[in-house]
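One letter stands for each residue in the lines below.
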Amino acid sequence: DAGITQSPRYKITETGRQVTLMCHQTWSHSYMFWYRQDLGHGLRLIYYSAAADITDKGEVPDGYVVSRSKTENFPLTLESATRSQTSVYFCASRAGGIAGGYTFGSGTRLTVV
Amino acid sequence: GNSVTQMEGPVTLSEEAFLTINCTYTATGYPSLFWYVQYPGEGLQLLLKATKADDKGSNKGFEATYRKETTSFHLEKGSVQVSDSAVYFCALSDGSSNTGKLIFGQGTTLQVKP
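Peer 1: Account for the overall build of chain B, naming residues and giving values.
Peer 2: Across its full length, chain B holds zero helices and twelve strands. The C-alpha atoms of chain B give a radius of gyration of 14 Å, which matches the 13 Å a tight globule of 114 residues would have. Once the C-alpha set of chain B is aligned to its principal axes, its extents read approximately 45 × 30 × 20 Å. Among the 114 residues that make up chain B, the fraction classed as buried is 44%. Contacts in chain B between residues at least 24 apart in sequence constitute 56% of all its contacts with a sequence separation of at least 6. Summed over its atoms, the accessible surface of chain B is roughly 5400 Å², and 47% of this surface lies on carbon and sulfur atoms.

As structure tokens, then:
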């Protein structure tokens, strides 16, 4: 199916464990983004990527690592999960130029216990 | 830095009532402005956008006008339905950067009662 898919949809992990959230898009969009959504904060940008092998930090990058070896995939890794990283994570890609809107995935709800 | 401020929710309305959700922004350059909607358990969907001053974005009965003089992009709908119950996010895209990163407001929850 065409679109942007995130996996898993739900994840529970323990403090200190490494966890990777997957994001895959089928359009070959250059730009991809990871946001976290928390009550009272809206969506905050974690990392973004302009193309394969080009990534940069967003507003809240600490504790996260990204990679982008292929245009269609943009995984987000929590190196050592903490309770403060309990959140809903959204991946997005951008169609067209700067004025184009983003397309979002359905999100991953991560709980760190 | 760039930022977006939305009116705090939740907003509770009866069906067919008029809706306004206020959004103001601070930005350098000439940002594009967006409204996104998030239905329960789903990701965000683009509702409408405006790319320059005085532009009006519209979709599904919702409208918003890009007001540079008041740095605002208020969302309006003349007659809301129960199906409009969702969280609404105002956002801007920094026009001075090729990245076009979106900066979001905190979101406003709308609940429409029959």
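Peer 1: Got a sec to walk through the pattern of salt bridges? Specific residues and values, please.
Peer 2: Between side chains of opposite charge, a pair can form as their charged atoms come close. Taken as a whole, this structure holds six salt bridges over all chains when the rule is applied. For lysine 52 of chain B, the salt bridge is made with aspartate 55 of chain B, and the minimal N-O distance between the two is 3.4 Å. Here the salt bridges share partners, and the residues they tie into one network are Arg36, Asp38 and Arg44 of chain A.

Peer 1: Please give an account of the interface of chain B and chain A that cites residues and values.
Peer 2: Residue-level contacts link 24 residues of chain B with 21 residues of chain A. Interface area, chain B with chain A, both sides summed: about 1700 Å², of which 55% is carbon and sulfur. Connecting chain B to chain A are zero salt bridges. Joining chain B to chain A, the criterion identifies five residue pairs in polar contact (both at pLDDT 80 or more). Put simply, the parts of the chain that give the side of chain B that touches chain A at least two residues each are strand S5 (32–38), strand S6 (44–50), strand S10 (86–93) and strand S11 (102–104) of chain B. It is S5 of chain B that contributes the most residues to the side of chain B that touches chain A, four residues altogether.

Quick notes on the rules
- Residues numbered from 1 in each chain as written.
- Chains lettered and ligands numbered in written order.
- Predicted model: local features only at pLDDT ≥ 70, side-chain atom pairs only at ≥ 80, totals over all residues.
- Heavy atoms only, no water.
- Helix = DSSP H or I, 4+ residues; strand = E, 2+ residues; numbered from the N terminus.
- Rg over C-alpha atoms; globule rule 2.2 N^0.38 Å.
- Buried < 20%, exposed > 50% of the residue type's maximum accessible area, 1.4 Å probe, protein only.
- Contact = heavy atoms within 4.5 Å.
- Areas by Shrake-Rupley, 256 points an atom, 1.4 Å probe, with all protein chains shown as cover.
- Salt bridge = Lys/Arg side-chain N within 4 Å of Asp/Glu carboxyl O.
- Buried area = accessible area lost by both parts, 1.4 Å probe.
- Polar contact = N/O pair within 3.5 Å; in protein donor to acceptor, adjacent residues only side chain to side chain.

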